[in-house]
Amino acid sequence: TRGGRITLIEGMVEEIWPETPGTASGNILMSSHKHSSQFIRVTGHRVGAKYCDVFPKVKIRGEKMHMELHHHELVQYEENLDHVISRYLRRWRWLLLGPHRVFGTILEETIVICIDTSGSMITVINELKRELCALLWTVIKPNKIKFNIVQFASQITKFRDSSVEPDYETCLAAAEFIGNMMAGGNTCTLEALTEALSDKSAGSTYLVTDGKPDTSCRAVLKHVASLEKQQKIHTISLNTSDKEAISFLKTLSKQTKGRYHACVAGFEGNIITHQLLNNNLPASLQSEKEKYAHN
């Protein structure tokens, strides 16, 4: 505490409680008096005021302090808190119900997507194909992002020789390419990255895999570091529990100034969002529930 003030919710408070007269950027005025108590010999304990529990209070470092709040301040706090929760609900829904759950946010104008279709991907390949098609039609085409797809297992198969414009015919052909993907074989990550990084026009490469490469992880990192042009590699681990594989993917993305993202397959985002919106949602936020129902 500082000067008898306490921050209500660290990290969210700047949004919840803007600077207003009588407040100090998210802080609420606290009583300058600490919770009084006396030592009672009969009980051997310190006992507080008789009616203390009736008043609003918080516990700070083991000591109770009472809050001094006016009614209009509580109303303002509730309104601002509802606003912040509403924003978080919209963000949560956006993250769970689209391809962002797997691929995150695409920031570059030209990308290469490397998809691991080795044998270990057989349980998640159909879900990954759906998410990849969703990315194609809802993100790549509307935002006119040039792209190419590299499928890798024991061998490498490219959609096109280099990145292409996302016109309607090209996206149809890409969707067919994705639909024909089948899981089986080894994991030639090094060869796939070499092929993807050879596209000099690409701004970044998105690597989706569930494990380590067939070659040593050190060999892949060394090869990528030796390339003349350093391109960002965003790594996505899908249903990965192998600590060594996760460490490799994190290091690869960090080395190239990319992002690492972990994704769990079979995660029903629509069900989770529905449960969230129906679990003790305040009346003031029922509009968010109605928006979700109409989507």
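Our subject is the structure listed above.
Reading the values: rules and limits
- Residues numbered from 1 in each chain as written.
- Predicted model: local features only at pLDDT ≥ 70, side-chain atom pairs only at ≥ 80, totals over all residues.
- Heavy atoms only, no water.
- Helix = DSSP H or I, 4+ residues; strand = E, 2+ residues; numbered from the N terminus.
- Buried < 20%, exposed > 50% of the residue type's maximum accessible area, 1.4 Å probe, protein only.
- Contact = heavy atoms within 4.5 Å.
- Areas by Shrake-Rupley, 256 points an atom, 1.4 Å probe, with all protein chains shown as cover.
- 1 Å grid on protein atoms, 1.4 Å probe; cavity = no way out; pocket = protein on both sides within 12 Å on 5 of 7 lines; lining within 4 Å.
- Points joined across faces, edges and corners; volume = space filled by probe spheres on them.
- Nonpolar A, V, L, I, M, F, W, Y, C, P; charged D, E, K, R; others polar.
- Axes fitted to C-alpha atoms, helices over the stretch in contact; angles between N-to-C directions.
- Parallel < 35°, antiparallel > 145°, perpendicular 65-115°, else oblique.
- Salt bridge = Lys/Arg side-chain N within 4 Å of Asp/Glu carboxyl O.

Visitor: Is there a simple way to think about the overall build of the protein in this case?
Guide: Each helix and strand counted, the protein has ten helices and twelve strands in total. Across the 295 residues that make up the protein, the buried fraction comes to 41%. Within the protein, contacts between residues at least 6 apart in sequence are counted, and of these 72% link residues at least 24 apart. Per element, the accessible surface of the protein, about 17300 Å² overall, is 53% carbon and sulfur.

Visitor: I would appreciate a short explanation of empty space enclosed by the protein in the present structure.
Guide: Empty space among the atoms becomes apparent when a probe as large as a water molecule is rolled across them. Considering all chains together, one arrives at one cavity of 30 Å³ or more under this definition. In this model, the largest cavity occupies a volume close to 30 Å³. If you go around the largest cavity, the residues you meet are Arg101, Val102, Glu127, Leu128, Glu131 and Leu238. Where the lining of the largest cavity is concerned, the elements lending two or more residues are α3 (100-103) and α4 (125-140). Broken down by element, the lining of the largest cavity gets its largest block of residues, three residues, from α4. Its residues assigned to classes, the lining of the largest cavity shows three nonpolar, no polar and three charged.

Visitor: What's the story with the packing of helix α7 (residues 217-226) against helix α8 (residues 243-255) in this structure? I'm lost.
Guide: Between two packed helices, what matters for the description is the angle formed by their axes and the separation of those axes. Two numbers describe how α7 lies on α8: the axes approach to 11 Å, and their chain directions differ by 10°. One finds that α7 runs roughly parallel with respect to α8. Between α7 and α8, the residues in contact are Cys217, Val220, Leu221, Val224 and Ala225 and Phe248, Thr251, Leu252 and Gln255, respectively. Its residues assigned to classes, the contact of α7 with α8 comprises seven nonpolar, two polar and no charged.

Visitor: Mind showing me how you'd approach α4 here?
Guide: Since the α-helix turns once every 3.6 residues, residues separated by three or four places project in the same direction. Looking at α4, one finds that the buried residues are Ile125, Glu127, Leu128, Lys129, Glu131, Leu132, Leu135, Leu136, Val139 and Ile140. Next to the buried residues of α4 lie α3, β7 (110-116), β8 (146-152), α5 (168-179), β10 (204-209) and β11 (232-238).

Visitor: Explain the pattern of salt bridges to me, please; I cannot follow it from the model alone.
Guide: Between side chains of opposite charge, a pair can form when the charged atoms approach closely. One pass over the full model with this rule turns up five salt bridges. One salt bridge connects Lys146 with Glu165, and the closest N-O pair in it is separated by 3.5 Å. Taken together, the residues Lys146 in strand β8 and Glu165 in the loop between β9 (156-158) and α5 connect sequence positions 19 residues apart. A residue is classified by how much of its surface remains accessible, and Lys146, at 33% relative accessible area, is partly exposed. Across the pair Lys158 and Glu195 runs a salt bridge whose closest N-O atoms are separated by 2.9 Å. A residue pair is termed long-range when its members are at least 10 positions apart, and Lys158 in strand β9 and Glu195 in helix α6 (residues 189-197) qualify at 37 residues.

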